Amino acid sequence: MTRTKLQILLICCLFSSISSIAQSLVNTEYKNTKQLPVAQIFRTFQDSEGFLWYGTQGGGLCRDDGYSVKIFRSDCNTPDLLKSNWITCISEDLHHKIWFGTKRGLYVLDKTTYEIHQIKDPDIQNWSIDALWASTEGNIWVSTADLVIKYDLFEQKLDTYHSLWKGESKSVSQIYEDRDKNIWTVQWNGGIHKYNPATNEFIPIPWEFEESPTSIIQDTDLKKYWISTWGQGIVEFNPNITGQTCFTLHNSTKGSRDDSKRYILNLTTDTVLNYIWAATVDNIYAYSKSQDRQLTNINIDKYLPSGKLLVNQIITDKQGNIKISTDYPHSFTLSFRQKNFLAESINQDVNTFGLPIAPVVFSNSKNNYWFWQKRQGLFLYNTKIGKLISLSGLPGLNGRKKSILIKKATDDDGIYTVLDDTVVVKLHPSGAGNVTLENVIEIPSSERIHSLYQDQKHNLLIGTQNTLFYYNFAIRKLTKSSINVGVINDITTSNGLVFLATEQSGLCMIDTTGSIHEIVMDKNFSSIANASNRLICSGTEQGEVFFYDVLNNKISQIKELLGLNGDAIIDLEVDSSGLIWILTNQKVIIYNPEQKTTNSYYSSEADISMNNFYSLGKDAKGQIIIGGMGGFRRFVSHSSLKNESKTQHVKLTSYSINGNHKLVGIENNRIELQPNELNLVLNFSTFDHLYTGKIRFAYRFKNQHSNWQYLPDGINSLSLTGLSKGLYQLEVKATNATGQWSNKTSFFTLKVLPYWYESIIAYIVYLLLLIAFIALSIHIYLNRNKQKLANEQIRNSALDLRDWLYQLSGEMVSSESSEPNLKSLLLDIKKQLQNQKTDNKGNEQQASTSNLSASDEKFIQKALHFVESNIDSTNYSVEQLSKDLGMDRTGLYRKLISIIGKSPTDLIKSTRLKRAKKLLKEGYTVSETADLVGFGTASYFSKCFKDEFGVKPSRYIDNQNNT
């Protein structure tokens, strides 16, 4: 290819013409066509929530939330749902029920449960429904064959009307309600009628044309109507004029006799340009209205699919977009969008080669674009004279290695670039589009230049693979500033500080003393920009953007808010408003650091239309320019960046529990989960059907004070796994198509039920069982303790009896270690008593009258001391007393019997009871006294007290109180 041809080619591809209107008409195929059971859509309807409903030809009724399609039809799964899968018409009543007609009857879909049932009216049960309209007053008007039937909101038939025209039965093809709540019917091969509620009848309008009317709509400005016909184009109807003069033919809508534009299926109007849109059997036409009510055909061919169309219907959705239902090609939307980007104009029209402009890097100054064309080299384009210059062959540049590096000069309109990796040169534009070259500085041959930057003092900073150089223009001196920082990809300055984006040392700062500080390490930084005197932003090859607050020495990152997904940051720029532009290969993000808000645009958008992005730049006024595969685009829609309060309603459209999909009824924001339903997927929508790929959602659990969690672009599904039992308040918000977050959030309630063993009833049962267990344990403990005491008393008594028997017989009954047999001991005692009755009496008398010796008295006092010292211990026994006194049990028994005539057990018991009597006098209760004197239970204490003193302790207390 010759240089001349290349220059012509680049001129052709560099810029496209500027549109004179602020709105751009865009053709978008229905996004979820591939999810439909059949490609042909017969009718499209948008309900009050924003769902799109498609009536298909044989595929049933389909609901589209912008992300997924739900199909309602008779098939192998639901064989008896509908008698016909051909949907003819759709409407919605005031109770938000969807009424739809089929080839075999009328059906109603309840949006609270999404159940469908047929209207059991014999007049229409197996008939094809031709037209349907739910009026604002609550009535539902239905036409079939030559009948018009009126139903109320409760599906009760109110009246039936025969459709006649000049005495003949006619079918009704359209039912329509105007802004004044008038009901109109349009007959095929007949005329037009208006319903008179006073007389409950349809009044014919004097239609005198041979051609059949096909539809009627009210004018957007006046109380006039537009009627489409089958052969006469569009007719204007003024109901305020009587007679035939009330109709006005518009010849501009007729075309030739063989022209299909005169055969119109139906009409609609848009809310943006107020055009009248007509759907014919094979095309779409748009007409503007002049002040004198004349219709002018607007050429929209470039916005329509090529060739003939097979059109079924045309409507206007709630956003003012035009929706066309077709058999061929796929159904599509014509939308009105504000132009955010414009291309520079060029006079030459040489669109013959097809190679796109691909500015890898560029710089703009006044009328000049300096750019490095991918695979072609360095070029200059002058927009004023329309001249393109290839710089690769200029003297001083020809034959030398040129780096893909362009940096705008701060002191004139020139640029700096690099030759042979080490030589910095400056290119100046001169008259008539010529260029002059100036050698600036050459660095050591061991270095390789990777970045350039000219500071406010016009010093040139040069970054290499390991070193930062300063070049002072005033004294023409090159100084090596920093070494061993790795490859320097970009440079900026702020208040005397130098910031470097490096590959090995991360984000670095050089202070006024020349010291290097690593702000962020272990990251490969590709670009850097000075957002203000206090904020530095820098991007990485790993798709991260860091913000460094110079004044507070604080680094931050907002990856989720910016919607970054790991795509490499190609370039950064700051516009005249202080907004930060962040460029990736296919997306540009605009971040407002003051308001913490974002906007975003994709390279594929209609007014950008690039394959991908390459570079960012700005003109002398600070306006942003983007370079990419396809040329340059200048951002012009600054009003769209005003982050005013936006309201973007979020609707929960469906959810899945353990893989089972369920639709959400209208105004239902609550989901209840069984304890074994661990996997929950929530699906949201804002019903912006054209921009679902750009909408972002964020969520948080409000009652847990959690931070916002952000979903990627175009993802509307939120997965929640393993929620524990309890009540959750989920808060969700969304962006609009440009990335601005809504000021309104939506709330959804999630209730996770407990397992049966976690329920309140279960916990009550657990509590009762615990109480019963504690009571039983106490009961067992007390019984065991009581039995233990009783056993101890029996054992002590048995031992005492054995010792006594020994005294009577003078023989050892059993060994010390053996346990006594109480029954055997009693028999032995009985025998000994019978043999020694007289001697025992004498011994008792002698014992009672004898006096204690000093040693015996001392022994008794010692024994009493040990008993009283352990009087509160229930475990203090005869064995322990024997051990304390240094005697065996039998010796102790003989000694006590010989001294005081009592056994050790009786001594301990009587000592306890005497102390108890004293405590009762002092005011202690029976239970307290029993514990203080070593009795295990109050009942056993009461029994022993009565045996000792002849009165129960409770009566003893009463007696003391009475005295």
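Model, not experiment: these values are computed from the prediction.

Parameters and conventions
- Residues numbered from 1 in each chain as written.
- Predicted model: local features only at pLDDT ≥ 70, side-chain atom pairs only at ≥ 80, totals over all residues.
- Heavy atoms only, no water.
- Helix = DSSP H or I, 4+ residues; strand = E, 2+ residues; numbered from the N terminus.
- Buried < 20%, exposed > 50% of the residue type's maximum accessible area, 1.4 Å probe, protein only.
- Contact = heavy atoms within 4.5 Å.
- Areas by Shrake-Rupley, 256 points an atom, 1.4 Å probe, with all protein chains shown as cover.
- Patch = residues over 30% accessible without salt bridge, like charges linked within 9 Å, V, L, I, M, F, W, Y side chains within 5 Å.
- Salt bridge = Lys/Arg side-chain N within 4 Å of Asp/Glu carboxyl O.
- Phe/Tyr/Trp six-rings, centres within 6.5 Å; stacked < 30°, edge-to-face > 60°.
- 1 Å grid on protein atoms, 1.4 Å probe; cavity = no way out; pocket = protein on both sides within 12 Å on 5 of 7 lines; lining within 4 Å.
- Points joined across faces, edges and corners; volume = space filled by probe spheres on them.
- Nonpolar A, V, L, I, M, F, W, Y, C, P; charged D, E, K, R; others polar.
- Polar contact = N/O pair within 3.5 Å; in protein donor to acceptor, adjacent residues only side chain to side chain.
- Pairing = 2+ DSSP bridges.
- Axes fitted to C-alpha atoms, helices over the stretch in contact; angles between N-to-C directions.
- Core = buried A, V, L, I, M, F, W, Y, C linked by side-chain atoms within 4.5 Å.
- Parallel < 35°, antiparallel > 145°, perpendicular 65-115°, else oblique.
- Left-handed = near helix turned anticlockwise from the far one by under 90°.
- Arc of directions from axis to C-beta.

Notes on the overall build of the chain
No. 1: Along the backbone of the chain there are 12 helices and 67 strands.
No. 2: Looking at the chain as a whole, 51% of its 963 residues are labelled buried.
No. 3: Put simply, of all contacts in the chain between residues at least 6 apart along the chain, 51% involve residues at least 24 apart.
No. 4: Surface accessibility of the chain: about 46100 Å² in total, with carbon and sulfur atoms responsible for 48%.

So, a nonpolar patch on the surface
No. 1: A contiguous nonpolar surface patch, about 1100 Å² in accessible area, is contributed by Ile 760, Ile 764, Leu 767, Leu 768, Leu 770, Ile 771, Phe 773, Ile 774, Ile 778, Tyr 781 and Leu 782.
No. 2: As for its position among the elements, Leu 782 is in helix H3 (residues 760–809).

Examining the packing of aromatic side chains
No. 1: By the definition in use, this model includes 52 aromatic pairs.
No. 2: Ring geometry for Tyr 195 and Phe 202: centres 5.2 Å apart, planes at 55°, overall tilted.
No. 3: Take Tyr 195: its relative accessible area is 10%, and that puts it in the buried class.
No. 4: Take Phe 202: its relative accessible area is 17%, and that puts it in the buried class.
No. 5: With centroids separated by 5.2 Å and ring planes inclined at 85°, the aromatic side chains of Trp 207 and Phe 247 adopt a geometry described as edge-to-face.

So, empty space enclosed by the protein
No. 1: This model, assessed by the stated rule, comprises 3 cavities of 30 Å³ or more.
No. 2: Residue lining of the second largest cavity: 13 residues in total, with Tyr 30, Lys 31, Leu 52, Lys 323 and His 689 positioned closest to the centre.
No. 3: Counting residues per element, the ones that place at least two in the lining of the second largest cavity are strand E1 (23–29) and strand E3 (52–56).
No. 4: A breakdown of the residues in the lining of the second largest cavity according to their chemical character gives 4 nonpolar, 5 polar and 4 charged.

Points about the environment of Gly 693
No. 1: Summarising the element assignment, Gly 693 is placed in the loop between strand E62 (679–685) and strand E63 (697–701).
No. 2: Judged by relative accessible area, Gly 693 falls into the partly exposed class, the value being 42%.
No. 3: Each C-alpha atom of the pair Gly 693 and Tyr 67 lies 9.0 Å from the other, and the pair is 626 residues apart in sequence.

Some remarks on the environment of Tyr 728
No. 1: Checked against the element boundaries, Tyr 728 lands in strand E66 (residues 726–734).
No. 2: Once the C-alpha coordinates of Tyr 728 and Gln 704 are considered, the two residues, 24 residues apart in sequence, prove to be 8.4 Å apart.
No. 3: Apart from the residues lying within four places of it in its own chain, the contact partners of Tyr 728 are Phe 701, Asn 703, Gln 704, Leu 723, Phe 748, Thr 749, Leu 750 and Val 752.
No. 4: A polar side-chain atom of Tyr 728 sits 2.7 Å from the main-chain carbonyl oxygen of Ser 724.

Let's talk about the sheet that holds strand E32 (residues 359–365)
No. 1: Reading across the sheet, the 4 strands line up as E32-E33-E34-E35 and stay open at both edges, with antiparallel pairing between neighbours. With one partner strand each, in any of the chains shown, E32 and strand E35 (387–390) form the two edges of the open sheet. Neighbour to neighbour, the strand axes of the sheet diverge by 20° on average, direction disregarded.
No. 2: Of the strand pairs in this sheet, strand E33 (residues 368–373) and strand E34 (residues 377–382) are connected by 6 bridges, and their pairing is antiparallel. Among the inter-strand pairings, Trp 370 is bridged to a residue of E34, identified as Leu 380.

Some remarks on the nonpolar core
No. 1: One finds Leu 682, Phe 684, Phe 697 and Leu 730 to be the most contacted residues of the largest nonpolar core, which totals 26 residues.
No. 2: Setting aside anything within four residues of it in sequence, one finds Leu 730 in contact with Leu 682, Phe 684, Tyr 699, Arg 700, Phe 701, Leu 718, Ser 746, Phe 747 and Phe 748.
No. 3: If you look at the next biggest cluster of nonpolar residues, it comprises 25 residues, including Ile 234, Phe 237, Ala 278 and Leu 295.

Focus on the packing of helix H6 (residues 854–869) against helix H9 (residues 904–921)
No. 1: Running from N to C, H6 and H9 cross one another at 60°; their axes reach a closest spacing of 10 Å. By the angle between their directions, the pair H6 and H9 is classed as oblique. Remark: the crossing between H6 and H9 carries right-handed chirality. On H9, the residues that touch Ala 863, Leu 864, Val 867 and Glu 868 of H6 are Leu 907, Ile 908, Thr 911 and Arg 915.
No. 2: For the contact of H6 with H9, a count of residues per class yields 5 nonpolar, 1 polar and 2 charged.

Remarks on the pairing of strand E18 (residues 192–196)
No. 1: For strand E17 (residues 183–187) and E18, the ladder comprises 3 bridges, and the chain directions are antiparallel. From the neighbouring strand, Thr 185 faces E18, where its bridge partner is His 193.
No. 2: The turn joining E18 and strand E19 (residues 201–205), which pair antiparallel and follow one another in sequence, is formed by 4 residues; a positive phi near 55° is taken by Asn 200.

Section: helix H7 (residues 878–885)
Each α-helix winds once per 3.6 residues, and so residues spaced three or four apart point in a common direction.
No. 1: Those residues of H7 that fall on the buried side of the exposure criterion are Val 878, Leu 881, Ser 882 and Leu 885. The arc enclosing the buried residues of H7, seen along the axis, measures out at 100°, which places them on a common side.
No. 2: After H7 finishes, the residue Gly 886 shows a positive phi value of roughly 75°.

Let's talk about the pattern of salt bridges
No. 1: Summed over all chains, the structure comprises 32 salt bridges.
No. 2: Asp 219 is the partner of Arg 293 in a salt bridge, and the nearest nitrogen-oxygen pair spans 3.4 Å. Placement of the pair is Arg 293 in the loop between strand E26 (284–289) and strand E27 (295–298) and Asp 219 in the loop between strand E20 (213–218) and strand E21 (225–229), with a sequence separation of 74 residues.
No. 3: Judged by its relative accessible area of 0%, Asp 219 falls in the buried class.
No. 4: The residue Asp 282 makes a salt bridge to Lys 308 at a minimum N-O spacing of 3.2 Å. Of the two residues, Asp 282 is situated in the loop between strand E25 (276–280) and E26 and Lys 308 in the loop between E27 and strand E28 (310–316); the sequence distance between them amounts to 26 residues.
No. 5: The structure contains a network of salt bridges with shared partners spanning Asp 47, Glu 49, Glu 92, Lys 111 and Lys 651.

Regarding the sheet that holds E20
No. 1: Spatially, 4 strands are ordered E20-E21-E22-E23 in an open sheet, and the strand pairing comes out antiparallel. A strand with exactly one partner marks an edge of an open sheet, and here the two such strands are E20 and strand E23 (247–250). Strand-to-strand twist across the sheet, computed as the mean angle between neighbouring axes with direction ignored, equals 25°.
No. 2: By the bridge criterion, 4 bridges tie strand E22 (residues 234–237) to E23 in an arrangement that is antiparallel. Looking at E23, one finds that Val 235 is bridged to Leu 249.

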